[in-house]
Every structure is written in C-alpha cells, then in structure tokens.
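An overview of the molecular structure
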2 protein chains.
Amino acid sequence: MRGIARLAKELGISTGTVSRALNGKPDVNADTRQRVLDAARRIGYAPNQAARSLAQGQTSAVGFMVDLERESATSSDNFFMGVFDGVQSVLTEFGMDLLVMPCPSGQDHYSYLERFATRGVFDAVILASMQYNDRRVGLLQAANIPFVALGRSSMHSDYAWIDLDFVTSMVTAMERLVGLGHRRIAITCPKGDFNFGHIFLDTYKQELARYNISYDENLVYYVSRTEVSGYDVVDDLLKNDDPPTAILLIYELAAIGVYRRLREAGLEPGKDMAVIGFRDDPAIQFLEPSLTCFELELGGLGRKLGEAVLAQIPRFQNHFPDSHIEIIQPMELRPGDSDAFPPGIDQKIIRSS
Amino acid sequence: MRGIARLAKELGISTGTVSRALNGKPDVNADTRQRVLDAARRIGYAPNQAARSLAQGQTSAVGFMVDLERESATSSDNFFMGVFDGVQSVLTEFGMDLLVMPCPSGQDHYSYLERFATRGVFDAVILASMQYNDRRVGLLQAANIPFVALGRSSMHSDYAWIDLDFVTSMVTAMERLVGLGHRRIAITCPKGDFNFGHIFLDTYKQELARYNISYDENLVYYVSRTEVSGYDVVDDLLKNDDPPTAILLIYELAAIGVYRRLREAGLEPGKDMAVIGFRDDPAIQFLEPSLTCFELELGGLGRKLGEAVLAQIPRFQNHFPDSHIEIIQPMELRPGDSDAFPPGIDQKIIRSS
DNA sequence: ACAGCTACCGTAAGCGTTTACGATGCTATA
DNA sequence: TATAGCATCGTAAACGCTTACGGTAGCTGT
C-alpha cells in the first residue's frame, strides 16, 4: 500500500480524512490534522501529482514555450531567464508552478505545442516569439486552453497579449535622429516572420513619411540576433552610393559589430554614424560610446505576464476579473552617446569609401 | 463521456482496444487500428497525460532544474538554451520530453526541487549549478529518483555526473602563461559555493606549486558573472604593490570589464597584461585583442546529458546498459591574442599607477 | 426528552488511462 | 473431425487522489 492509503492505515483513519487534512479543508479536527501532517513528514509522503491532476482536473502548472531555434544558437540573451523569474513570483502566490517548454531548434512550432497543450499537461500556457500569423493562437483557442502571448499575431483576435511598445520606441528614436538632422536612416529588422518585425518596419516607414523622407529599401536589412549581423550590415552600407548617417538596430547586440566595422573603416560610431538599439542587453553596457537604447525591466514584464495568464484561468476569476488583456509594455529611452552627434561638417565623408 | 471512452463508444469497440490501437500495441487488427486513428484525428482526441502517468507509473518527462538566481540577473548567457537543445534531441528519440524547472531567484534550491521531484512529476531530473556540498544529490538519492548532474557535489558519491574539465583547462592555461614568462598570475573564482570554483582554485594552486610560484591570496578574487566584475578586479589589482602580469577569468565575460579598466589606465590587454578566459561566450567573440579561452560545444554537451539521464531510468537499461556515468567533458583551447605577449621590457610599469 | 445543529469522519464513486487475463472465432494441423 | 494455436478483442481492476454525500455523536435550547 502506498501514498495516502498507507498514511491512512498507519493512522487508523480514512483516506478521505487524510486528504482533507493535507489539503487544509475545513471539515477536519485540529488534532487529527496535526497527526496527519506529522505522519506525512515522518514517512516523507508527498502526493502524486498525476493522481491529483486526474482527480481535480487541473495540473497547477503553466507552461512557457520558448523557441530554441531563435534563442539558442544566437548570441547572448538573458531575456527569458529574467522574464521567468517575474512570472514565477506571481504564480507561486497562487499555488501555481511555472514549467518551461523549450521547443527544439529543428522542431515545428505548432506540433510541438500541440503535443503538450492538448494532453492537459498545463492549466495554461504562455507563448513567445510570436509570428505575424501565428497558428498557435488558433490551436489554443480551438482547444479552449487558457493562454497569453508575449507579442501578437496579426491574424488573430480575441486573445490576451502583452507586447513591447516598439511603436513609441520607434517614434522616439526617429524624432531624435531627425531632430539631429539625419535624413538617411538605415534599419535592421528581424529575419523571420516575427510580428514585431512588421510593427518595427511599418512604424519606421510611417515616421519617414511624417518627416517627408523618402523610403529607400536599400537601407533595410533583415538580420538574425547576432553581433556579426551588425558588422555585415555596415559592411554593405559602406558600399552604398549615398550611405546613411544613422542606423536603427532591432537587435541591440548588433551594435557591437556595427562599432567594429565602422572603426575598421576609420569611422567613429556616434560621430560618423548614429546608432540606436532597441532594448538594452547587459552585454552592450560596456560599449563606448554608450549605446542609446530602450530599457525594459524584465521582472516587471514577467509579473504582468504571470497575472495575465492567471486571469485566463477560470478558477482565478475572482482575483483577476478582467481576462481581456491587451497591454503595450513601454520601454524607456536610455540616452547614450551613440547618437549624440549630428551629421556635421567634421563628419568624415563615408560615401567615398 | 470523454476521452477514450467516447472514442470507444463511437466506434462500437472497447476502451481497451482503443488504447491498444493508439499505443501501437500488437494485439489489434490493422483495420481497427486505422479506424481508431482516423476517429481520433477527426474529433481531435489527445490522451490525458495525468491519466496516463497514473496508470503507467511514469510521466515521460525529465526535468531540468536551472537556478535563476545565478542566471537571470547576471549578464548574458545562452549556455542553457544551447544545452537544452542538445538534451531534447536525444530525449525525443526515446519518446521523452524535456521540461525546465526555473528555480526563482528568491527560492531555496532544495525545497524547490523537493516539491517537484517527490511528486512524481518527472521520471528523472537534470541538475546544474552544482555546489560543493549540494544537498539536492542526497534528496534525489533518498527518494530514489533517477538523475544526472551537470557538475559535481564534492560531498557525495555514487551518482551520475558530467563535469567540465576545468582541471586540464587550468593546467593548459598555466602552462601557456608560465611558458611566456609570467610569474604573477591573478585569478577570479566564482562567488558562491560552487564546486567548480573549488576545482578551479585548487588546480590553480597546484600549478603554482608545480612551477615553484608562491601562492598570493591577494591575487584571488571572488566574482559574480558580470562583465563589471572584471572591471572592479583590475581596478583593485592596479593598486597592488606588485601587480600581476596575467589574469585568469573563470567567467569569460569579465574580460570585457578587464579590457576596459586596463585601457582606462593606459594599458593594453594582451600586452601589458595577459588575459585568459574559461569557456567561450558568443558575447566576447568581438573582443580586440581576441580572447584566449576554451571552447565548449553546447549541443554535444547537451546530448551527453540526455543520454546520461536516460541511462538512469530503469526501463532504458537495454539501450543504455551502463548507468555509471562520470564524464569529464573536455574544453578545447582557442588561442587568441590576449596572452600572446610575454611580460617584456616594453611593458608599461603598471605598479606605479 | 426531543428536534435541530454542528463538528467530524467514513464511504465510495469518480478522474481517464493502461494492461493482465480471459473469451471468442478462425485457421491449420494431425 | 478434434484440437491446438493464433489473432483479436472485451472485461475489469488498478493507478493515487479528491470530494459529494451521508452518518454518528455530542451539544443546544425548549
């Protein structure tokens, strides 16, 4: 005999009472409860999670799906680790646990999620790395599985999401650059069909229009999340007949490569070319000149995600009455010296390189 | 009626047969199996994992515990993401899934693991960030839960582990430095009671002895995993009456801060002070001069971990007969220019700074 | 003395699968 | 034709827990 039955037998009481005692249910005498608790600790009893889940119809776990293809081979990223921490801090308050589903790099997004989600492993899930048309949203909606997305899918509606405010960041960045006199502004977008890439580029175009700057597709690059990408982009840019005086980096890490290539060409970042990165990464804090970028507090973002996902679970409706969550998470400008210099008379003529 | 029962009813067969058909068991007619499979797909049936786990007494999941306290707030680290990928690739071949337990930064290591492990959520677990005396080993041993450790606990025995070869790396590093003429060699060790920190320092002392260099505790620093730590260490080192001509960095990221502080003092890394880092990180690939460090193939390490953990699970003994796993994973020297210059006549006199 | 309460506890039916065991009908063999 | 063997399937117990329901005992107030 194992588990709760053994406890019950040893104490000479029924399994029902043991269960009630263990779970803090009201209908149990204080003495009895203490005896049960003591005995449980003594023999090292812990309830079987599978049995609990089956009996209760809930798992007390939420799954966070991350895409290794995007995060692993790429360069440094403590982004998710920071977010996990925030999510956890909220979930534990409500007796929930966070478990991470790392989708292998070769695997298909959709089928990977399907395996876990439809088997009732999680009470709810958190999605990340959202694509422009992310079928996972439809999957979860159809299966009626509570979820929240970190990012958005443009082809779906009626789901909870929290997205980073790339729009305002872009507006701010463009305002700074144009204010400094820049008219030729290059941009790097994420490679792959990520939704935030579209937002990023669309807002860029919109701001160009606002300032009556014509859109030049030769200034648009699609890059992966490595510092090398910055190097290659600048390398290509230097061959341009009319090179830009500024560059916007969706992946701030690319600044490292940008700086490097510029200096190889005898140019100085921030002076000969303005550089602005989106999101700060610990790895770029040492850059000289300091990179102008946008700060994001990962723990706070994680906590919002945690609350959002709980709000999707029916039994938490009393705590989180509003499950309709659409949050645009602001990012705060952290001015650096990488865009401090206007394109002036002493700027080296990079078009002649 | 739900689940398998519904399927059975619709097809006019028993739940037993449905289960057998779904699970590829032999005792079922090919036609019947196809009918079951079709029906399952049609109504979008997926087996309930809790019920399966309960009935089978296994969960088909292995848990990988990571410590956010160590990984999150710290600077860049794609280490785990890379390892996850490797582990997965092995596990999926055997129908197992990887789930990550991110231990929150405030939480106690031990009790966090206890909650998951003893509840039968995982068939086996992988431990990381091993401490000198890591009580988690005892916990898992006592509960008879299969596991493998990435790293070692010095106070335990008879468990499977894979550790990085910091010994050979240290020997190699010291050989290089001493060969170049260095006699004053500083070292940074991990802050916290991590086992590899002890190995690192012990081997350092051992090598000093081999070369008849006296041990100077003023050259030993305990640091966290941030680039800032490198800055602070050098800052302190420069005040030393007899400053070192070389420094060994357990966290390669610290090289960034080291370079920065050296240059602020008008010194050149690799020329005025040799720098060697352990483990390569994508974030330091851009460093100039290139950092001498030790390469580690994360995917391969992950795959070994995956095989090791499967070997601990009884039902895989036919595939992995040897569960006694004690692997020292080599790291390959990647020579850079950061330790190319011997301390020579043209070296700046840093003791006077 | 009796109804009505409360506090506490036991009983047993689930939860959705898996799987040992036995039953059935059919084929092949003697 | 009898029988063994095989392919196929149904039956039902088991996995370990939760929880609705009912029962008992003691206590209250009239």
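On to the overall build of chain A. Scanning chain A for helices and strands turns up 13 helices and 12 strands. Since a compact globule built from 353 residues should have a radius of gyration of about 20 Å, the 26 Å found for chain A marks it as more spread out than a globular shape. For chain A, the spread of C-alpha atoms along the principal axes amounts to about 90 × 40 × 35 Å. Evaluated residue by residue, chain A yields a buried proportion of 57% over its 353 residues. Here chain A displays about 14700 Å² of accessible surface, and carbon together with sulfur accounts for 48% of that area. The positive charge centre, built from 35 side chains, and the negative charge centre, built from 46, are 8 Å apart in chain A.

Looking at DNA strand D, there are 27 residues lining it, with A:Ile4, A:Ser19, A:Lys25, A:Tyr45 and B:Thr32 nearest. Counting only the atoms of DNA strand D that lie within 4 Å of the protein, the sugar and phosphate share comes to 65%. Here a phosphate oxygen of DNA strand D and a side-chain polar atom of A:Asn23 are 2.9 Å apart. Contact between DNA strand D and B:Ala55: a base oxygen at 3.3 Å from a main-chain N or O atom of the residue. Contributions of two or more residues to the surface near DNA strand D are made by helix H1 (3–11), helix H2 (15–22) and helix H4 (49–56) of chain A together with helix H2 (15–22) and helix H4 (49–56) of chain B. Ranked by residues supplied to the surface near DNA strand D, first place goes to H4(A) with 4 residues.

With 45 residues of chain A in contact, the opposing surface of chain B contributes 45 residues. Taken together, both faces of the contact between chain A and chain B bury some 4000 Å²; the carbon and sulfur share is 64%. On the chain A side of the interface with chain B, the three residues burying the most area are A:Met81, A:Arg119 and A:Phe286, jointly 18% of the side's total. On the surface where chain A and chain B come into contact, there are 2 salt bridges. With its nearest N and O atoms 2.2 Å apart, the salt bridge here joins B:Asp97 to A:Arg115. In the side of chain A that touches chain B, the residues fall into 23 nonpolar, 12 polar and 10 charged.

Okay, helix H13 (residues 298–311) of chain A next. Residue and element names in this part refer to chain A. Counted at 1.5 Å a residue, the expected span for H13 with its 14 residues is 20 Å, and the 20 Å between its end C-alpha atoms agrees. Counting buried residues along H13, 11 of its 14 residues qualify, which places the element largely inside the surrounding structure. Among all positions in H13, only Leu298, Gly299, Gly300, Leu301, Gly302, Leu305, Gly306, Ala308, Val309, Leu310 and Ala311 are buried. Turning to H13, the residues buried within the fold contact strand E1 (61–67), helix H6 (79–93), strand E3 (124–127), strand E4 (147–150), strand E5 (160–164) and strand E11 (326–329). With a side-chain oxygen positioned 3.0 Å from the backbone nitrogen of Gly299, the residue opening H13 is Glu297.

Here we take up the environment of A:Tyr231. All names here are of chain A. Tracing the backbone shows Tyr231 in helix H11 (residues 227–237). Along the primary structure Tyr231 and Ala254 are separated by 23 residues, whereas in three dimensions their C-alpha atoms are 7.3 Å apart. Excluding residues that lie within four positions of it along the chain, Tyr231 makes contacts with Gly257, Val258, Arg260, Arg261 and Glu264.

It is worth spelling out the protein's contact with DNA strand C at this point. In the vicinity of DNA strand C, 28 residues are found, and the nearest of them are A:Thr17, A:Thr32, B:Ile4, B:Ser19 and B:Lys25. Per the 4 Å cut-off to the protein, sugar and phosphate atoms form 61% of the nearby atoms of DNA strand C. In the environment of DNA strand C, a phosphate oxygen lies 2.9 Å from a nitrogen or oxygen atom belonging to the side chain of A:Ser14. Contacts to DNA strand C include A:Ala55, whose backbone N or O atom sits 3.4 Å from a base oxygen. For the surface near DNA strand C, the secondary-structure elements that each account for two or more residues are H2 and H4 of chain A together with helix H1 (3–11), H2 and H4 of chain B. At 4 residues, the largest contribution of residues to the surface near DNA strand C is made by H4(B).

Our next topic: the packing of H1(B) against H2(B). Each pair of packed helices can be summarised by the angle the axes make with each other and by the distance between the axes. Residue and element names in this part refer to chain B. Contact pair H1 / H2: the axes reach a minimum separation of 8 Å and the direction vectors enclose 105°. When the axes of H1 and H2 are compared, the pair comes out roughly perpendicular. Listed contacts from H2 to Ile4, Ala5, Leu7 and Ala8 of H1 are Thr15, Val18, Ser19 and Leu22. Partitioned by chemical class, the residues of the contact of H1 with H2 number 6 nonpolar, 2 polar and no charged.

Turning our eyes to something else, we now look at the pattern of salt bridges. If you walk through the whole model with that rule in mind, you get 28 salt bridges over all chains. When the shortest N-O distance is used, the salt bridge between B:Arg184 and B:Asp242 registers 3.3 Å. Of the two residues, B:Arg184 is situated in the loop between helix H9 (166–179) and strand E6 (185–190) and B:Asp242 in the loop between helix H11 (227–237) and strand E8 (246–249); the sequence distance between them amounts to 58 residues. Because the salt bridges share partners, they merge into one network encompassing A:Arg184, A:Asp216 and A:Asp242.

For the rest of this paragraph, the subject is the environment of B:Glu114. All names here are of chain B. Mapped onto the elements of the fold, Glu114 is located in helix H7 (residues 109–117). Relative accessible area serves as the criterion here: at 32%, Glu114 is assigned to the partly exposed category. Spatially, the C-alpha atom of Glu114 lies 8.3 Å from that of Arg136, the residues being 22 residues apart in sequence.

Looking now at the domain arrangement of chain A. Residues and elements named next belong to chain A. In terms of domains, chain A is made up of domain 1 (3–47), domain 2 (61–163 + 297–330) and domain 3 (166–296 + 334–352). Between the C-alpha centres of domain 2 and domain 3 the distance comes to 30 Å. Between domain 2 and domain 3, a total of about 1500 Å² is buried, with carbon and sulfur atoms accounting for 52% of that surface. One can count 0 salt bridges joining domain 2 with domain 3.

Between chain A and chain B, the superposition needs a rotation of 180° and an axial shift of 0.0 Å, giving an RMSD of 0.1 Å. The symmetry that links the two subunits is that of a two-fold axis.

On to the side chain of B:Asp123, then. Residues and elements named next belong to chain B. Within the element layout of this structure, Asp123 appears in the loop between H7 and strand E3 (124–127). On the basis of relative accessible area, Asp123 is assigned to the buried category, the value being 10%. Those residues in contact with Asp123, other than ones at most four positions away along the chain, are Gln58, Thr59, Ser60, Ala61, Met96, Pro146, Ile313 and Arg315.

A few words on the sheet that holds E6(B). Residue and element names in this part refer to chain B. The sheet built from 4 strands is open, its strands ordered E7-E6-E8-E9 with parallel pairing. Looking at strand neighbours, the two that pair on one side only are strand E7 (220–223) and strand E9 (274–277), the edges of this open sheet. Averaged over all pairs of adjacent strands, the angle between strand axes in this sheet comes to 20°, irrespective of strand direction. Note: E8 against E9, 4 bridges, orientation parallel. Across the sheet, Ala246 pairs through a bridge with Ala274, a residue of E9. Here helix H10 (residues 195–210) sits on the sheet in contact with E6, E7 and E8, set at roughly 165° to E6. H11 rests against E6, E7 and E8 of the sheet, and its axis sits at about 155° to E7.

Basis of the calculations
- Residues numbered from 1 in each chain as written.
- Chains lettered and ligands numbered in written order.
- Predicted model: local features only at pLDDT ≥ 70, side-chain atom pairs only at ≥ 80, totals over all residues.
- Heavy atoms only, no water.
- Helix = DSSP H or I, 4+ residues; strand = E, 2+ residues; numbered from the N terminus.
- Rg over C-alpha atoms; globule rule 2.2 N^0.38 Å.
- Buried < 20%, exposed > 50% of the residue type's maximum accessible area, 1.4 Å probe, protein only.
- Areas by Shrake-Rupley, 256 points an atom, 1.4 Å probe, with all protein chains shown as cover.
- Lys, Arg positive; Asp, Glu negative; His and termini not counted.
- Charge placed at Lys NZ, Arg CZ, Asp CG, Glu CD.
- Near = heavy atom within 4 Å.
- Polar contact = N/O pair within 3.5 Å; in protein donor to acceptor, adjacent residues only side chain to side chain.
- Contact = heavy atoms within 4.5 Å.
- Buried area = accessible area lost by both parts, 1.4 Å probe.
- Salt bridge = Lys/Arg side-chain N within 4 Å of Asp/Glu carboxyl O.
- Nonpolar A, V, L, I, M, F, W, Y, C, P; charged D, E, K, R; others polar.
- Expected span 1.5 Å × (residues − 1).
- Axes fitted to C-alpha atoms, helices over the stretch in contact; angles between N-to-C directions.
- Parallel < 35°, antiparallel > 145°, perpendicular 65-115°, else oblique.
- Domains from an automatic or database assignment.
- Least-squares fit on C-alpha atoms with pLDDT ≥ 70 in both.
- Pairing = 2+ DSSP bridges.

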